[in-house]
Amino acid sequence: MQHYSPYEIVEGNPANGLVLLADHAMNRLPPEYGRLGLPESAFARHIAYDIGVEPLTRELAAALDAPAVLGCFSRLLIDPNRGEDDPTLIMKISDGAIIPGNHPITDEEWENRLNRFHRPYHRAVSETIARAAAAGGKAPLVISLHSFTPTWKGIARPWHAAVLWDNDPRAVFPLIERLEAAGDIVVGNNEPYDGALRGDTMYRHCMTPGIAHALIEIRQDLIADATDVAAWARRLVPVLAELNSLPMLHDYQRHPSRTGAYDG
């Protein structure tokens, strides 16, 4: 079995106080999994990864000199943006595509995927955030990057971008305000998804320890090629730099989650 890294860390200056995350950056699978019984075309779809997010995250990390953690495995194998007890952690069917390699699945293989992919990715996220906190002497601002499909079940989605969140508004409201300021895009506030998901990446690494954060979703047709990615990087760089300069976003402040009481 060849070594397969489940994550990539893009180096940046941890003392700058900003950490970028891209849970679904890539559509890769280790060779021993083949294509999970799916056609190759499935891996060009949103069910396999967040289209456009990898190059966008790399451009933002370079421009902002911020460390970033990229997930290097397809969400079809196991979803890093789900808690370990989430029933959608390993999907049997995704947007109409049946995934033969995920059903049936033994308890041993379930645990194997957690140990080889999910847990190492989250350790890398924890360690990257901890390095930023130690280097800057304060809580870092964490921004997670995702993308969403332009239509769902035949209905067009009007948002160009969205900001998802649970119950910590510190970074969210300034972010939405700055994204809307240009007047040329429609920004969803917890649309098309609700950002409160127990056990997901933001819950685990930001809500629980009280770190200011936001999850940015961009419509996939708007970051489908290098030109569009560069345009969105130019839009986001000054916004994120300004957010990162706000002292209120670098304090530890735990907010109650809409998903219920924290464990412990």
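Caption draft 1: Representation of the packing of helix H3 (residues 172–181) against helix H5 (residues 226–244). It is the contact of H3 with H5, at a shortest axis distance of 10 Å, that shows an interaxial angle of 150°. For the element pair H3 and H5, the recorded crossing hand is right-handed. Residues Pro 174, Leu 175, Arg 178 and Leu 179 of H3 form the contact with H5, whose participating residues are Leu 236, Val 239, Leu 240, Glu 242 and Leu 243. When the residues that make up the contact of H3 with H5 are grouped by side-chain class, the tally is seven nonpolar, no polar and two charged.

Caption draft 2: Structural detail: the pattern of salt bridges. Within this structure, the stated rule accounts for 17 salt bridges. Of the charged contacts in the structure, one is a salt bridge between Arg 258 and Asp 194, with a shortest N-O distance of 2.8 Å. Taken together, the residues Arg 258 in the segment after H5 and Asp 194 in the loop between strand S10 (187–189) and helix H4 (201–207) connect sequence positions 64 residues apart. For Asp 221, the salt bridge is made with Arg 219, and the minimal N-O distance between the two is 2.7 Å. Put simply, Glu 8, Glu 54 and Arg 58 are held in one network by salt bridges that share partners.

Caption draft 3: Inspection of unusual backbone geometry at higher detail. In this structure, the amide linkage connecting His 103 to the following residue, Pro 104, adopts the cis form with an omega of 0°. Structurally, Pro 104 can be placed in the loop between strand S5 (97–98) and helix H2 (107–136). The omega torsion of the bond from Glu 191 to Pro 192 falls at 5°, within 30 degrees of zero and hence cis. Among the secondary structure elements, Pro 192 is positioned in the loop between S10 and H4. With a phi close to 45°, Asp 95 is a non-glycine residue in the positive phi region. Looking at the element boundaries, Asp 95 is found in the loop between strand S4 (93–94) and S5. Given the relative accessible area of 37%, Asp 95 is considered partly exposed. Phi at Asn 190 is positive, roughly 55°, even though this residue is not glycine. Tracing the chain through its elements places Asn 190 in the loop between S10 and H4. Taking relative accessible area as the criterion, Asn 190 reaches 16% and is therefore assigned buried.

Definitions and limits used
- The written sequence of each chain sets the order in which its residues are numbered from 1.
- With the structure being a predicted model, the display of local features is reserved for residues of pLDDT at least 70 and the display and counting of side-chain atom pairs for 80 or more, all residues being used for whole-chain, interface and lining totals.
- Note: side-chain values were computed over all heavy atoms of the structure, leaving out hydrogens and water.
- Interaxial angles span 0 to 180 degrees and are taken between N-to-C directions of axes, which are lines fitted to C-alpha atoms, for helices over the stretch in contact.
- Numbering of helices and strands runs from the N terminus, with a helix taken as a DSSP run of H or I at least four residues long and a strand as a DSSP run of E at least two residues long.
- By definition, turning the near helix anticlockwise from the far helix through less than a right angle yields a left-handed crossing, and turning it clockwise yields a right-handed one.
- Pairs of residues are marked as contacts when any of their non-hydrogen atoms sit within 4.5 Å.
- In this count, Pro and Cys sit with the nonpolar residues alongside Ala, Val, Leu, Ile, Met, Phe, Trp and Tyr, while Asp, Glu, Lys and Arg are called charged and the others, Gly among them, polar.
- Salt bridges, as used here, are contacts in which a Lys or Arg side-chain nitrogen is within 4 Å of a carboxyl oxygen on Asp or Glu.
- Exposure is judged per residue with a 1.4 Å probe applied to protein chains only, and the accessible area is read against the type maximum: over 50% gives exposed, under 20% gives buried, and values in between give partly exposed.

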